[in-house]
Amino acid sequence: QVQLVESGGGLVQAGGSLRFSCAASGSIFSIYHMGWFRQAPGKEREFVAAITWSGGSTNYADSVKGRFTISRDNAKNTVYLQMNSLKPEDTAVYYCAASKLPYTIRGLTDTTHYDYWGQGTQVTVSS
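Quick look at the structure, then. (Residues numbered from 1 in each chain as written. Predicted model: local features only at pLDDT ≥ 70, side-chain atom pairs only at ≥ 80, totals over all residues. Heavy atoms only, no water.)

**Examining the pairing of strand 3 (residues 18-25)**
The following threshold applies: Following DSSP output, two strands are said to pair if at least two bridges run between them. In DSSP terms, a helix is any run of H or I states spanning at least four residues, a strand is any run of E spanning at least two, and both are numbered starting from the N terminus.
Across 5 bridges, the pairing between strand 1 (residues 3-7) and strand 3 is antiparallel. Opposite L4, over in strand 3, you have A24 as the bridge partner. As paired elements, strand 3 and strand 8 (residues 78-83) share 6 bridges and run antiparallel to each other. Bridge pairing in strand 8 links C22 to V79.

Next comes the structure, spelled out in structure tokens:
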């Protein structure tokens, strides 16, 4: 079992930046692949970014590539999402998630491949 707690959401103007943190507890964090997803009102939850357990591979949705960066610090049991050049369409509730199975980095785009989820944190980007 692992518990995930996100922090860092808020209100920001378009073009601004935010940094999310997701702190894990309850299990060995370093064995999990990690991902970030988001869900806007009336829409399905969608993939944003993923990182393998070692941090050696990352993957991004096309909509955030070049603007968002996922990273992790296994010593701190924390995964981060740095979001730059934010757009109003980035407005959503953002969730971090942990996957305990050895999926490929491409497999980590699938919500069903994750075993644990955080409670979510709201980001609102104003135009």
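**Thoughts on the environment of A40**
Stated precisely, the cut-off is as follows: Contact definition: two residues touch when any of their heavy atoms are within 4.5 Å.
Residue placement: A40 occurs in the loop between strand 4 (33-39) and strand 5 (46-51). Sequence separation of A40 and Y60 is 20 residues, and the distance between their C-alpha atoms is 18 Å. If we ignore the near neighbours within four places in the chain, the residues touching A40 are T91 and A92.

**Digging into the pattern of salt bridges**
Stated formally: The salt bridge definition used is simple: a Lys or Arg side-chain nitrogen within 4 Å of an Asp or Glu carboxyl oxygen. Burial here depends on accessible area, computed with a 1.4 Å probe over protein chains only, as a share of the maximum for the residue type. Under 20% is buried, over 50% is exposed, and the range in between is partly exposed.
Taken as a whole, this structure holds 4 salt bridges when the rule is applied. Between K65 and D62 there is a salt bridge; the shortest N-O distance is 3.2 Å. The shortest N-O distance in the salt bridge between D90 and R67 comes to 2.7 Å. One end of the pair, D90, is in the loop between strand 8 and strand 9 (92-99); the other, R67, is in the loop between strand 6 (58-60) and strand 7 (68-73), and 23 residues separate them in sequence. Overall, R67 belongs to the buried group, its relative accessible area being 10%.

**Some details on the packing of aromatic side chains**
What counts is decided by this rule: Each aromatic pair joins two rings of Phe, Tyr and Trp (for Trp, the six-membered one) with centres within 6.5 Å, and gets the label stacked for planes under 30 degrees apart, edge-to-face for over 60, and tilted for any other angle. Our definition puts a charge over a ring when NZ of Lys or CZ of Arg is within 6 Å of the ring centre and also within 35 degrees of the ring normal.
Counted by the stated rule, this structure contains 7 aromatic pairs. When the centroid spacing of 6.1 Å and the interplanar angle of 80° are considered together, the rings of Y32 and Y116 count as edge-to-face. Of this pair, Y32 sits in the loop between strand 3 and strand 4 while Y116 is found in strand 10 (residues 116-117), placing the two residues 84 residues apart along the sequence. A relative accessible area of 13% means that Y116 is categorised as buried. Look at F37 and F47: their rings are 5.7 Å apart centre to centre, the planes differ by 70°, and that puts the pair in the edge-to-face class. Here F37 is found in strand 4, whereas its partner F47 is found in strand 5, with 10 residues between them in sequence. Judged by its relative accessible area of 12%, F47 is buried. Joined through ring pairs, the aromatic side chains of F37, F47, Y114 and W117 make up one cluster. In this structure, R19 packs its charged tip against the face of Y80, placed 4.0 Å from the ring centre. Here the basic side chain of R45 rests over the ring of W117, its NZ or CZ set 4.8 Å away from the ring centre.

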